[in-house]
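# Per-entry structural report
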Amino acid sequence: MVAGTATAVSNRVSRRQAGRWSQQEYEQQQAYEQQQAAAPPAPAAAPPPAGDDMSSKLDQLQKLGELKAQGLLTEEEFTRQKSRLLG
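Calculation notes
- Residues numbered from 1 in each chain as written.
- Predicted model: local features only at pLDDT ≥ 70, side-chain atom pairs only at ≥ 80, totals over all residues.
- Heavy atoms only, no water.
- Helix = DSSP H or I, 4+ residues; strand = E, 2+ residues; numbered from the N terminus.
- Buried < 20%, exposed > 50% of the residue type's maximum accessible area, 1.4 Å probe, protein only.
- Areas by Shrake-Rupley, 256 points an atom, 1.4 Å probe, with all protein chains shown as cover.
- Salt bridge = Lys/Arg side-chain N within 4 Å of Asp/Glu carboxyl O.
- pLDDT = per-residue confidence, 0-100.
- Patch = residues over 30% accessible without salt bridge, like charges linked within 9 Å, V, L, I, M, F, W, Y side chains within 5 Å.
- Lys, Arg positive; Asp, Glu negative; His and termini not counted.
- Charge placed at Lys NZ, Arg CZ, Asp CG, Glu CD.

The helix and strand tally for the chain stands at three helices and zero strands. The order of α-helices and β-strands along the chain, N terminus first, is α-α-α. Counting across all 87 residues of the chain, residues that qualify as buried make up 5%. Counting every atom, the chain has about 7600 Å² of accessible surface; 57% of that belongs to carbon and sulfur.

By the definition in use, this model includes two salt bridges. Note that glutamate 76 is salt-bridged to arginine 80, the shortest N-O span being 3.6 Å. Pair noted here: glutamate 76 and arginine 80 are both in helix 3 (residues 75–86), with a separation of four residues, about one helical turn.

Right, let's talk about the confidence of the model for the chain for a bit. Across the chain, the average pLDDT comes to 79, with 80% of residues at 70 or higher. Per-residue pLDDT, averaged within each element of the chain, yields its smallest value for helix 1 (residues 2–38) (81) and its largest for helix 3 (88).

Positive charge collects at one region of the surface, where Arg12, Arg15, Arg16 and Arg20 lie side by side. Within the secondary structure layout, arginine 12 lies in helix 1.

The next point concerns the environment of lysine 82. Along the chain, lysine 82 falls in helix 3. On a C-alpha basis, the gap between lysine 82 and glycine 65 in space is 9.3 Å, while along the polypeptide they are 17 residues apart.

Given below as structure tokens:
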């Protein structure tokens, strides 16, 4: 009789715990879905206008020249970056 009662109590506790875990998982899933729905999509990067492209390249070339003059870039690094920038 004692063994049967202990088994019944154990089963009831197990079912109750499983129900709690199930409820927690459900709540976590709901919170995650709400978070995903609330997050705005990342905006696509717009390409720079054609006129700004040349001035941007000139600015970058000037910065490369300054880095080379300061001794932070070697001649080889400067040449490689310049050719990459100019295409």
